Amino acid sequence: MKNDLYNYLKKITENFNKDNAKLFSANSIAKKINLSRSTVSSYLNKGVKQGNIIKIKEYPVIFLDKEVFSRIYFKTSVNEYESLEELFNEGRKIKNRDPLDNVIGARQSLREQIEQIKTAVLYPENGLPIMLVGPSGSGKTYLAKCIYDYCIQENLIHENAPFISLNCAQYYHNPELLSSLLFGYTKGAFTGADKDKKGLLEDADGGILFLDEVHRLTNQGQEKLFTFMDSGEYSPIGDNSINKKAKTRLIFATTESIQSSFLPTFIRRLPVIINIPGFSERTQQEKLDLVDSFFLKESEILKRSIKVSKQVISFLLSSNYDGNVGKIKNIIKYSCGKSYVRMKDAEVIKVRITDLPIECEKHIKENINHQFLNRYQDRTYDYKYPELLNINSKEQKNIQKNITAVYFQFIEKFKQVECGDITPDYYIKKMMNNVNLLLDELIFNTEFDQDQSLFSILSFNIRFSFKYMEETYGFKQDGNKILSIASLLYFKEEHKILINHPDWSSIRPKLLTFINSYMKNASYLAKVILNNLSKQLDYPFLDEDLIFISFYLNGTNIQNVKGEINSIVLAHGYSTASSMANVANRLLKKNLFQAIDMPINTTIDDIESKIIDFIDNHIIENGLILLVDMGSLSNLSTRLKDKIKCPILIIDYVSTPLVLEIGSLLLQGKNINEINEEILKNIKINKQLVYPVGKKKKAILTCCYTGMGSAIQIQEILQKSLNHDNTPFAIIPYDYKKLKQNKLKELPFQIYDVLAIIGTSDPKIDGVNYIGLDQLINGEEIEKLIDILRYNFQFDEQQLKKDLVFNFSIKRIVENLTILDPNKILRLVEKATDRIEENLNIKLSNNKRFLLYVHSCCMVERILRKENVDDQNDISQFLEREKRKVEMIRYCFSEIEKECTIKISDQEIRLICDIIFSH
Ligand SMILES: Nc1ncnc2c1ncn2[C@@H]1O[C@H](COP(=O)(O)OP(=O)(O)OP(=O)(O)O)[C@@H](O)[C@H]1O
């Protein structure tokens, strides 16, 4: 009996809101569960005493389940409150505790950004400078202030520390004035400087200097600033011999692209570049939260409840409205003001579409039939109960809960697959079952109007994707699938669910790989659908939805849709080619062949240009098969050779049986090489497989066995030292594992004339020069690189040698690779390396040491930037197998972890092991 009562209270607390508060009185609950009021009251008060129930002593007294309430709102400090207002006042205080977590979007679109900001400001001593990039009005200044509040809250700066903001754009035409403002000046520095004057860097000492529109800073200004960023010292204008110090934290903001507006040396010193999305790039929920917060603010200012029509809400949230946050805020302010004047004496003021400013008129007209129009209800904002706004309707809340549970299961159960507790097959079956149950519930047990515009637009677009798949791969579309996927996306409302699961970021790549390999067809189809929706509807493409839809489709009957080879039948005559292609496509029940019909007098030039046109407009990574009719095979192959980027199999004397034969090989999933071989067995034909030759651009490949990230970094250093903008060859970072495994078969060798590979480990490819990064650092191989280049290009050799020696010195490399103080980080890494030698009783070769230095510095930077390393599928086995080594390495690197306030992941430790113990 008691439990029934408590369970009932739990259930209704899920849907608590200001308007249904009466349902939570003892009387009302007693009626619902057929008990006497006094028994219910006694049990409820007992629950309050035991700390499981919250009591609000209004009239009538109401009771709420504490656990459910704190999950939805906040943890209450006591169990009894005088009024709802008192309860929510406490919530407001709690909410205000972490100024950055409170920023709208902190758990969605701005999640990464907020994490990066926190890492930057907590960085030892004086934090790292932060650059905020985003369109005008997107909230850069707002965020800078939140960062300031956060620093105070975390005791990083004093509560009275200065926050000084300067808009550099105002001084664009007077850079000297700007410099003197920033750095101060000495008496006599320029005409009118009649006494020494402090600069803003000094005024903001101990606090934050926010430089808005910082791209307006001149090159000299940037140089002076980065000297300050490096050393904490600067000189006032007029006297370079004075070295002033300031502990000023810097936040920059710009609306411009970083690469084109700043000196590279300045960019390099900006470890934390935060992109702030504009309003239209926010999720629908965030837009609503922003709009809500602005209306609530107006309610507070005007001291009135504000009722806003659903048309106004949907106009403000419509994805085609391009105003930024600042603009939306102004529109809301204006319309509330207008309505206030109109309804001054009313208790509730109403904001309607006619209250919007005139500048919105054009958008309103466009918006009339907008997809989101039916998605929202009128909303009321009451400054006295701001938190109550968050509550959705009862049904919505439960649906969201159920959807969340199914999504969370994807991760929870996958962890069991990883530990070997359940098999992949069982996992897939279980997830498919969960997904189907949820979809059944959404479709059959919820009431919603399928004619609603959003739903119908979703299903229209999904139908479109299925139609495309039907035409391209010949499988039947089916109303049920369309309905199911549309319902899911409709109810899910673009929410990101798994971002709230603590293991999502680590499981995500593994789960996606799993889906791709175990449910290839379903995930391919799911990708097509989501891609399409994101293009047509501006709908976010979320990996979590890809996973859901893949599980769903995996249970349905879909055909093999693996990476296709394009095939064209090309023949003279008005319909010769298309009729052959048609017959084959119909008989094989799949659209495998395209046709190009050509009038009889078509020249070989025309044919060539038609084929090139096709290649340019199609993705033909897996190859192209050309079935031609006119015995001009060798002619065509010579012409195409140097214009193609993938293999083309040209087959002459096309006939319908031949097309069918190839079609059946394609259906068996054969690749272009296999088709080339097999076709010989059955039919005697004339054919040639052509790879591009001649005219190949020259290239140097870079690679690193710890992943693409480092390969890219080696490429960048090389580019710098070779002044690559002017070099007539490409420098291409490439996957080490692929090179090692497939050697000359890898794509770069088809496309480029590869002069050399530079990397941290030799993929051992016959006939291709390899130069070790370590040997460039110790100078042994610099001559070899110069020799290779000398042979192919003209260079100022002396200068080149100088540049190479300079750029490939260890300190210089580290300086180039990281934003960290190279001396400090090298010292730490050297210490860790010494410890490794000592503790493992080994002696590392000089070359290994170099590699380890470079790698470790990159690693620290990578962790600070929150970049992931490449996947390692066997990491758990590795940790198990090499437990002792792993522990030892972790111990040796613990000082770096402490000094740089980072956590080195298992994957990173493994990469270090690979370097130390590789042969
Ligand atoms: N997340 C947010 N929560 C609440 N208010 C916000 C948020 N983001 C922006 N605003 C509000 O929007 C308005 C514009 O923001 P802000 O001035 O910070 O933009 P900005 O990017 O600095 O613009 P500009 O580049 O033009 O200087 C401000 O009134 C700010 O308070």
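Residues numbered from 1 in each chain as written. Predicted model: local features only at pLDDT ≥ 70, side-chain atom pairs only at ≥ 80, totals over all residues. Heavy atoms only, no water.

An unreviewed UniProt entry annotates the protein chain as Transcriptional regulatory protein LevR, contains PRD, AAA+ and EIIA domains originating from Garciella nitratireducens DSM 15102.

## Description of the pattern of salt bridges
Per the counting criterion, the structure on display carries 34 salt bridges. As a salt-bridge pair, E412 and K415 come within 3.7 Å of each other at their nearest N and O atoms. With E412 and K415 both in helix α17 (residues 394-419) and three residues apart, the pair spans about one turn of that helix. (Salt bridge = Lys/Arg side-chain N within 4 Å of Asp/Glu carboxyl O. Helix = DSSP H or I, 4+ residues; strand = E, 2+ residues; numbered from the N terminus.)

## Notes on the sheet that holds strand β4 (residues 130-133)
Hydrogen bonding along the main chain pairs the strands of a sheet, whether they run parallel or antiparallel. With respect to topology, five strands assemble into an open sheet ordered β5-β6-β9-β4-β10, the strand pairing being parallel. Looking at the sheet topology across the chains shown, the edges are occupied by β5 (163-167) and β10 (272-275). With strand direction ignored, the average angle separating the axes of adjacent strands in the sheet is 20 degrees. Of the pairings in the sheet, the one linking strand β6 (residues 208-212) to strand β9 (residues 249-254) comprises four bridges and is parallel in character. Directly across from F210, in β9, lies its bridge partner I251. Taken strand by strand, helix α6 (residues 111-122) contacts β4, β9 and β10, and its axis lies near 155 degrees from that of β10. The strands touched by helix α10 (residues 219-231) are β6 and β9; relative to β9, the strand with the most contacts, the crossing angle is about 140 degrees. (Pairing = 2+ DSSP bridges. Axes fitted to C-alpha atoms, helices over the stretch in contact; angles between N-to-C directions. Contact = heavy atoms within 4.5 Å.)

## Side note on the state of the cysteines
In this structure the tally under the stated criterion is zero disulfides. Not engaged in a disulfide, the cysteine C900 finds its nearest cysteine sulfur in C857; these two sulfurs lie 9.4 Å apart. (Disulfide = S-S within 2.5 Å.)

## Considering the packing of aromatic side chains
Per the counting criterion, the structure on display carries 17 aromatic pairs. With centroids separated by 5.0 Å and ring planes inclined at 25 degrees, the aromatic side chains of F295 and Y381 adopt a geometry described as stacked. In this pair, F295 sits in helix α13 (residues 284-302) while Y381 sits in strand β13 (residues 379-381), placing the two residues 86 residues apart along the sequence. Members of the aromatic cluster, connected to one another through ring pairs, are Y407, F410, F414, Y427, F514, Y518, F548 and F551. (Phe/Tyr/Trp six-rings, centres within 6.5 Å; stacked < 30°, edge-to-face > 60°.)

## Here's the deal with the packing of helix α18 (residues 424-444) against helix α23 (residues 543-554)
Contact geometry of α18 with α23 gives a least axis separation of 9 Å together with a crossing angle of 95 degrees. When the axis of α18 is compared with that of α23, the two are roughly perpendicular. Residues Y427, I428, M431, M432, V435, N436, L438 and L439 of α18 pack against F548, F551, Y552 and N554 of α23. (Parallel < 35°, antiparallel > 145°, perpendicular 65-115°, else oblique.)

## Remarks on the site of the ligand
Within the structure, the ligand sits among 15 residues, and S136, G137, K140, T141 and Y142 are positioned closest to it. Here S136 contributes a side-chain N or O atom positioned 2.7 Å from an oxygen atom of the ligand. Residue T141 places a side-chain N or O atom 2.6 Å away from an oxygen atom belonging to the ligand. Against a free-state accessible area of 630 Å², the protein chains account for coverage of 79% of the ligand. At the level of secondary structure, the elements contributing two or more residues to the shell around the ligand comprise α7 (140-153), α13 and α15 (325-342). Tallied by class, the residues present in the shell around the ligand amount to six nonpolar, six polar and three charged. (Near = heavy atom within 4 Å. Polar contact = N/O pair within 3.5 Å; in protein donor to acceptor, adjacent residues only side chain to side chain. Areas by Shrake-Rupley, 256 points an atom, 1.4 Å probe, with all protein chains shown as cover. Nonpolar A, V, L, I, M, F, W, Y, C, P; charged D, E, K, R; others polar.)

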